Amino acid sequence: MASLKAYIVTRALLVIPTVLILLTVVFFILRILPGDPIAAMVGQKVPPEVVEKLREEAGLNKPLIVQYFEYLFNILRGDFGKSMIWGKRPVIDEIMLRFPATLELTIFGFTLSVLIGVITGAIAAFRRGSKIDSSMRIYSIVAYTLFIPWFGMLLQMLCGVYLKLLPIGGRITPGSEPTTITSLYVLDSLLTLNFNALIDSLSHIFLPALVLGIVLSGAYTRLLRNNLIDVLSQDFIVAYRARGVRERKVVKHAMKNAFIPVITLMGLQFAILLAGAVLTETTFSWPGMGTFLLERIQYRDYTSVQGAIVFYALFVALISLIVDIVYALLDPRIRY
Amino acid sequence: MMLLDVKNLKTYFYSKRGVLRAVDNVSIGVDRREFISIVGESGCGKSTLAYSIIRLVDTPGKIVDGKIVFDGRDLVKLSEEEMRRLRGKEIGMVFQDPMTSLDPLEKIGDQIVETIIEHERVDKKEAWEKASILLEKVGLPGDRVNYYPHQLSGGQRQRVMIALAVSLNPKLLIADEPTTALDVIVQEKIMDLLEDMKKEDRAIILITHDFALAADRSDKIAVMYAGWLIEFGKANKLANEPLHPYSEGLIGSVPDVWEDRDIKPMLGFLPDLIDPPKGCRFKPRCPKAMDVCDKEPPTFSVDGRVVKCWLYGENNG
């Protein structure tokens, strides 16, 4: 297990260049794009000397390379800088305000996608060649190709507008927020035993999490089905049966073997999950990082966008590290 | 009473093209402590016979007719749960490819312990101790219980497979080409180990396409061809004076390092088992074919041996 530790340290160190490259790319792309935060904020009718003064205040008059290294050193110190528009609040505060909403949505969406994918995939594999198998395979392709805003609006129309069963946007009915502990509303409601808030937050998260879950489940359905069929035909499964091991346990072993590639996919899918979350958040007016990022890109709020991207990158790196560790723990052949 | 008495067993595969008669009307008896080899070409039905005995023929295969009397019980009639309790406990099985027959995610010890716990009321600690004793019995250090399959070589893994197969002290051990995937030196050692297992009051059925190996190791040899059992008898007799032209052909096609003789290859191929030739299935390849061979030969008893060939019909029956 000492080698596992070395592996984790190496993986953690590799996050640094990854984030650095991403940060550099984002920094320069934002500045290449036409427009800047000052222009977006004040509009066209302000005298040039005022614009110049605002640019100076924001540090935008310095050479690009100086701006870049200043930003880099601040990031290294853990300082994400201040927003360039509206009140100049620290970027990290703004992110922290919105991150719990995104985290909550991704946890629910991720869990749902794996759950749906594994169940449909396993059913398809065990009923191989049947009509159920065919329908699961069609499901996986359709789910994979769904466009989130379109599918989201469809569900909003159905469940929200026609059936009036579920709210069509937001995280919770204003005023019924539970006492803040983790800022994850569902978890906080559970911890404080606030059942009204629990039902309210669950009814709000259900549709966006379902949309995200369904769209991402298709890949798991396919992968698990194919892997399970492959594993079930392998010699060691027959060997288990030939030793009189109960079918229930044989299936457990088969699932464990078929699950390894699924875990790999989880790591790969996580970045897609976050991208999907941006679309889902805008469709369901979910007050998370996605809506924040989209809004700040429109205002060319350089520091906010950079901060959000770095934050996303660290999040993805952390999750893929966790996935790799789980992977190594599950498969003895991968332990580095 | 025989330990295993297979009577008129028919195992057919139902494919889109038609019915494939993989095991067709095969009868074979195995005594306690007997070492029997079943030889034949690929696709002759020898493995299907083995899988039929432990009732693990994969779909679309099915035991259609016949009896498999093991220790007084007809296995064909047992329920799935009764059969499960018998597998591993009373009949052990060793597979062809040790590289793929062990679960890559479980420690060797865990796989042995799981097998023991499925059949016997022992606590885990006791089962773990038993696992390392088992490994020592098959010639591996007892601490290999903590190893994963990928940390062992092919020969070592086949030893583990044998340890697994005998972990519950079964009365019958079926080995399906246990040495095919191994190199010659390791083959010898694995065969020695299999013979050791016989000493523990156990009958062994070896499935192989290696006639020399079968003649060298077993008490009796059964030769299968196209789903039929065509000759069955004492190993030394069958190897020295084969009765059936196919057995003769099999022996003639094996090179001999010690004796200077020409290899006589057997011409032709195994027939299509969905649409086999009329009469004797070996007739198209048989050098001694006669007119009567257009009818299916019955099984004749000659000199304590069983042979399914018209050559022995005229004088005996």
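Here's a quick rundown of the structure. Only a predicted model underlies this, so the values are computations on that prediction, with no experimental measurement involved.

Attention shifts here to the overall build of chain B. A tally of regular secondary structure across chain B gives 10 helices and 12 strands. Its C-alpha atoms give chain B a radius of gyration of 20 Å, near enough to 20 Å, the size a compact globule of 317 residues would have. Along the longest, intermediate and shortest principal axes, the C-alpha atoms of chain B span 65 × 50 × 40 Å. Summarising the internal contacts of chain B: among those between residues at least 6 apart in sequence, 63% fall at separations of at least 24.

Turning to the overall build of chain A, a few remarks are in order. Looking only at helices and strands, chain A features 13 helices and 0 strands. Along its sequence from the N terminus, chain A presents helices and strands in the succession α-α-α-α-α-α-α-α-α-α-α-α-α. C-alpha extents for chain A along the principal axes are approximately 85 × 55 × 40 Å. Residues classed as buried in chain A amount to 36% of the 336 residues present. Once local pairs closer than 6 in sequence are excluded, the contacts in chain A between residues at least 24 apart make up 72%.

On to the environment of I325 of chain A, then. Structurally, I325 of chain A can be placed in helix α13 (residues 302-330). Taking the C-alpha atoms as reference points, I325 of chain A and F195 of chain A, separated by 130 residues in sequence, lie 36 Å from one another.

This part covers the pairing of strand β2 (residues 19-30) of chain B. Side-chain direction in a regular strand flips from residue to residue, so the side chains alternate between the two faces of the sheet. Residues and elements named next belong to chain B. The sheet contact formed by strand β1 (residues 4-14) and β2 spans 9 bridges and is antiparallel. Note on β2: the bridge partner recorded for F13 is L20. Hairpin connection between β1 and β2: a loop of 4 residues separates the two successive antiparallel strands, and G18 in this loop has a positive phi of roughly 150 degrees.

To continue, consider the pairing of β1 of chain B. Relative to strand β4 (residues 61-70) of chain B, β1 of chain B runs antiparallel, the two being bridged by 8 bridges. Each residue of the ladder has a partner; that of V6 of chain B, found in β4 of chain B, is I68 of chain B.

Residues and elements named next belong to chain B. With respect to topology, 4 strands assemble into an open sheet ordered β2-β1-β4-β5, the strand pairing being antiparallel. Looking at strand neighbours, the two that pair on one side only are β2 and β5 (73-74), the edges of this open sheet. Bridge count for β4 against β5 is 2 bridges, and the pairing is antiparallel. Across the sheet, residue F70 finds its bridge partner in β5, namely R73.

What follows is about the packing of helix α5 (residues 91-126) of chain A against helix α12 (residues 289-298) of chain A. All names here are of chain A. Interhelical geometry of α5 versus α12 gives an angle of 135 degrees and a closest axis separation of 7 Å. The angle between α5 and α12 falls in the class oblique. Residues E94, I95, R98, F99 and T102 of α5 form the contact with α12, whose participating residues are M289, G290 and F292. Among the residues making up the contact of α5 with α12, the classes are represented as 4 nonpolar, 2 polar and 2 charged.

The next thing to look at is the interface of chain B and chain A. Each partner contributes residues to the interface: chain B has 23 residues there, and chain A has 18 residues. Among the secondary structure elements, those contributing two or more residues to the side of chain B that touches chain A are α2 (80-86) and α3 (108-119) of chain B. When residues in the side of chain B that touches chain A are grouped by element, the largest group, 4 residues, is from α3 of chain B. Residue classes in the side of chain B that touches chain A are distributed as 9 nonpolar, 6 polar and 8 charged.

With an omega dihedral of 5 degrees, the bond running from T59 of chain B to P60 of chain B counts as a cis peptide bond. Mapped onto the elements of the fold, P60 of chain B is located in the loop between α1 (46-53) and β4. Non-glycine residue K164 of chain A carries a positive phi angle of around 50 degrees. Counting through the fold element by element, K164 of chain A comes out in the loop between α7 (148-162) and α8 (185-191). By C-beta crowding, K164 of chain A is classed as exposed, having 9 other C-beta atoms within 10 Å. Its identity as a non-glycine residue notwithstanding, A226 of chain B has a phi of 50 degrees, on the positive side. Take A226 of chain B: it is sitting in the loop between β9 (220-225) and β10 (228-234).

Right, let's talk about the nonpolar core for a bit. Membership of the largest hydrophobic core comes to 160 residues, with the highest contact counts inside it found for I174 and I205 of chain B. Per-element tally for this core: the top contributor is helix α9 (residues 195-232) of chain A, with 16 residues. Per-domain counts for this core show at least three residues from each of domain 1 (2-85) and domain 2 (99-298) of chain A. When residues no more than four places from it in sequence are discounted, the contact partners of I205 of chain B are V30, I36, I38, A50, L172 and I174 of chain B.

Let us now look at helix α9 (residues 245-252) of chain B. Along α9 of chain B, the positions that sit buried rather than exposed are P245, Y246, S247, G249 and L250 of chain B. On its buried side, α9 of chain B packs onto α7 (211-217), β9, β10 and α8 (235-240) of chain B.

Let's shift gears to helix α5 (residues 154-165) of chain B. Residues and elements named next belong to chain B. If you check α5, its first and last C-alpha atoms are 16 Å apart, about what 12 residues at 1.5 Å a residue would give, namely 16 Å. Burial analysis of α5 places 11 of its 12 residues in the buried class, which makes it a mostly covered element. Taken as a whole, α5 has its buried residues at G155, Q156, R157, Q158, R159, V160, M161, I162, A163, L164 and A165. Looking at the buried side of α5, the elements it contacts are β6 (91-94), α3, α4 (124-137), β7 (172-176) and α6 (184-199).

Moving on, we come to the environment of L64 of chain A. Residue and element names in this part refer to chain A. Within the fold, L64 resides in helix α4 (residues 64-76). You can call L64 exposed: it has 11 C-beta atoms within 10 Å. Remark: the alpha-carbon pair of L64 and F27, spanning 37 residues in sequence, is separated by 9.8 Å.

Definitions and limits used
- Residues numbered from 1 in each chain as written.
- Chains lettered and ligands numbered in written order.
- Predicted model: local features only at pLDDT ≥ 70, side-chain atom pairs only at ≥ 80, totals over all residues.
- Helix = DSSP H or I, 4+ residues; strand = E, 2+ residues; numbered from the N terminus.
- Rg over C-alpha atoms; globule rule 2.2 N^0.38 Å.
- Contact = placed C-beta atoms within 7 Å.
- Buried ≥ 20, exposed ≤ 12 C-beta atoms within 10 Å, placed from the backbone.
- Pairing = 2+ DSSP bridges.
- Axes fitted to C-alpha atoms, helices over the stretch in contact; angles between N-to-C directions.
- Parallel < 35°, antiparallel > 145°, perpendicular 65-115°, else oblique.
- Nonpolar A, V, L, I, M, F, W, Y, C, P; charged D, E, K, R; others polar.
- Core = buried A, V, L, I, M, F, W, Y, C linked by C-beta atoms within 7 Å.
- Domains from an automatic or database assignment.
- Expected span 1.5 Å × (residues − 1).

Any functional reading would require information beyond the geometric quantities listed.
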